Amino acid sequence: MKRRKFFVLASSCAAGLALASSCKGSKSESEFTENSETSNLSLGKEPSYRKTIKTSFSSGTPKSASDSIVVALIGAGLWGSILIKQASETGENILVKYICDVDDTKGGHAISELEKKQGFKPIRVRDMRKVFDDKEVDAVFIATPEHWHALATIWACQAGKDVYVEKCISHNITEGQKMIEATMKYERVVQCGTFNRSTPEALTARDYIKSGELGDLVAVHVKSMLPGPIPFTKKDETVAPNTIDWDLWLGPAPKAPYSVSRNKSWHYYWDYGSGNAMGNEAIHQLDLARLVLDNPGLPSSVYCTGGRYFFNDDRDVPDYQLAYFDCDNYVMTLQAGDCVSYLGKSGPEIRYGNEFPNWSHNGTHVEIIGTKRMMYVGRMGGGWQVFDKGGEVVAGQTSYYPLKAHLLNFLDCVRTRKQPNSNIVEGHNSSILIHLANLSYRTGSKQLRFSPQSETILNDSKAQEMISCHYRKGFEIPTEV
């Protein structure tokens, strides 16, 4: 068990825009490298994907409203099943042809519900490559475990399919770069599952900040505190049941014996995900914060500490993490965990009603501190409020759970070939924050210097190596997509 520790942020350095070449009011990256303990790390070149980015696509034939969109679900767990059923209920003339999962026990309810709705039964398959080989399929929804997101997206783009990919969109920084390259090369619509970007009220919060009514930014605090603590007992390794293709489930991940823990609780293992409170949940709030701040650039350093404090078990991921990001003229913090019973997500009265959260006990919000006023922003229907001195509410707006709007935006873009609300570039930039925090934690809670220009770690060779992964034969992320 990793013990509690006191921690300080070693320094505060500003970062420029994600595609800029310098940091305003900070040391140069060369100075960081020269003074680091690992002086042989180079700044590196600008990632090649940036030269491929397009704001519009010329290929692809738009579809009319009378044309059916043929889709498939890849990854038919609980959320994947909810996602595909919600998509089928948008009224957007879609047909679900396939339900794909390596586990035969998954997706049965979705198949039966879809059969009732569309008059024919979706085809169940184990191997997603059969879906990609079908020329009739226009788009796929990828809701697999995280370690499959990048390769599945790249394969789909190569096969000419549009993609809705769940968060965290990538398992490491390099994967996100390759996903962008594939999106741009094959000119596919790729919508990321960070669906707060389809909340109109997030844009009004952004406009309020841009108006200057908050004053200058001082700090941004992002919370992802889920109910807990959650007990966990690691299950023994056994022979995989014949209902699952375990080798295909592992896919790009290292070879490992089957266990129910890996299969059902994969969020707790670094080989398959980036943490339930982090890559599965905090990514929503981080992405929302970036949106209302008008998509700022990447940080120049990160420091993350935490540990397994409540159960001395075999989970890889901590039950609490606290990260600091050095941003341009302000600091962003992130708290993520599943260790207290009194914090959690907004309930249905917030998501589907006209109420604001009780911000002090809401575990999934963003707090923006300005020199004049402060703003709270809630995810997935939480809306936003601005408070003045004395706690007076001076501005605000409620909002509504935006999943349907996000799905409608994706399906509209499949038809029109427009760029979606949560495009792959912003999905990658938000995911980088998750990966950087985890890299800092996993390398001993070390403050890592990061180059926004080259997307490299400047002062730790182990962390820099972990920006990419080693993949099993047959499941490699291609060098050339």
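Residues numbered from 1 in each chain as written. Predicted model: local features only at pLDDT ≥ 70, side-chain atom pairs only at ≥ 80, totals over all residues. Heavy atoms only, no water.

1. Quick notes on the pairing of strand β16 (residues 393-397)
For strand β15 (residues 383-387) and β16, the ladder comprises four bridges, and the chain directions are antiparallel. Looking at the pairing, Q385 lines up with G396 of β16. (Pairing = 2+ DSSP bridges. Helix = DSSP H or I, 4+ residues; strand = E, 2+ residues; numbered from the N terminus.)

2. Here we look at the pairing of strand β10 (residues 301-307)
Across the seven residues of β10, seven count as buried, placing the element largely inside the fold. Residues S301, Y303, T305 and G307 line one face of β10 and the alternating positions V302, C304 and G306 line the opposite face, and both faces are buried. Where β10 lies against strand β17 (residues 448-451), two bridges are found, and the strand directions are antiparallel. In the sheet register, V302 faces β17, and the bridge partner there is L448. (Buried < 20%, exposed > 50% of the residue type's maximum accessible area, 1.4 Å probe, protein only.)

3. Let's talk about the nonpolar core
Grouped together as the largest cluster of nonpolar side chains are 101 residues, with contacts concentrated most on V140, M332, I368 and M375. Beyond its immediate sequence surroundings of up to four residues, V140 is in contact with A72, I74, V131, F132, A156, D162, V163 and Y164. Of all hydrophobic cores here, the second largest spans 27 residues; its members include I84, A110, L114 and V414. (Core = buried A, V, L, I, M, F, W, Y, C linked by side-chain atoms within 4.5 Å. Contact = heavy atoms within 4.5 Å.)

4. Focus on the sheet that holds strand β1 (residues 69-74)
Taking strand neighbours across the sheet as the criterion, the six strands line up as β3-β2-β1-β4-β5-β6 in an open arrangement whose pairing is parallel. Strands at the two margins of the open sheet, each flanked by one partner only, are β3 (123-125) and β6 (190-192). Each strand axis lies, on average, 20° off the axis of its neighbour in the sheet, ignoring direction. Note that β1 and strand β2 (residues 94-100) share six bridges and pair parallel. Its bridge partner being in β2, L73 is matched across the sheet by I99. (Axes fitted to C-alpha atoms, helices over the stretch in contact; angles between N-to-C directions.)

5. Some words on the sheet that holds β16
Across a sheet, strands are paired by hydrogen bonds formed along the backbone, either parallel or antiparallel in direction. Spatially, β16-β15-β14-β13-β7-β12-β11-β10-β17-β18 is the arrangement adopted by the 10 strands of the open sheet, whose pairing is mixed. The open sheet has two edge strands with one neighbour each: β16 and β18 (456-457). Sheet topology note: the strand β14 (residues 374-378)/β15 ladder contains five bridges and is antiparallel. Note that in β15 the partner of V377 across the bridge is W384. Against the sheet, helix α13 (residues 424-442) engages β10, β11 (320-327), β12 (330-340), β17 and β18, with an angle of about 60° to β10.

6. Some points on the packing of helix α5 (residues 149-158) against helix α6 (residues 173-185)
Between α5 and α6, the shortest axis-to-axis distance is 9 Å and the interhelical angle comes to 10°. In terms of orientation, α5 lies roughly parallel with respect to α6. Here the hand of the crossing between α5 and α6 comes out left-handed. Contacts between α5 and α6 pair H149, A150, T153, I154 and C157 from the former with E175, K178, M179, A182 and T183 from the latter. Within the contact of α5 with α6, the residues separate by chemical class into five nonpolar, three polar and two charged. (Parallel < 35°, antiparallel > 145°, perpendicular 65-115°, else oblique. Left-handed = near helix turned anticlockwise from the far one by under 90°. Nonpolar A, V, L, I, M, F, W, Y, C, P; charged D, E, K, R; others polar.)

7. A closer look at helix α10 (residues 275-292)
Helix length check: α10 (18 residues) gives 24 Å between terminal C-alpha atoms against 26 Å at 1.5 Å per residue, within 8%. Along α10, the helix axis deviates most sharply at A282, where the bend reaches about 55°. Just downstream of α10, D294 is the residue with a positive phi angle, here 65°. (Expected span 1.5 Å × (residues − 1). Bend = angle between axes of the 7 residues up to and from the residue.)

8. So, the pattern of salt bridges
Following the criterion strictly, the structure yields 28 salt bridges and no others. One salt bridge in this structure joins E213 and R373, with 3.0 Å as the shortest N-O distance. Of this pair, E213 sits in the loop between α7 (200-210) and β7 (217-227) while R373 is found in the loop between β13 (365-370) and β14, placing the two residues 160 residues apart along the sequence. K446 is the partner of D460 in a salt bridge, and the nearest nitrogen-oxygen pair spans 3.2 Å. Residue D460 is located in the loop between β18 and α14 (461-465), and its partner K446 is located in the loop between α13 and β17; the two are separated by 14 residues in the primary sequence. Here D460 and K446 have matching classes, each one buried. Look at the salt bridges and you will find they share partners, linking R308, D313, R315 and D319 into a network. (Salt bridge = Lys/Arg side-chain N within 4 Å of Asp/Glu carboxyl O.)

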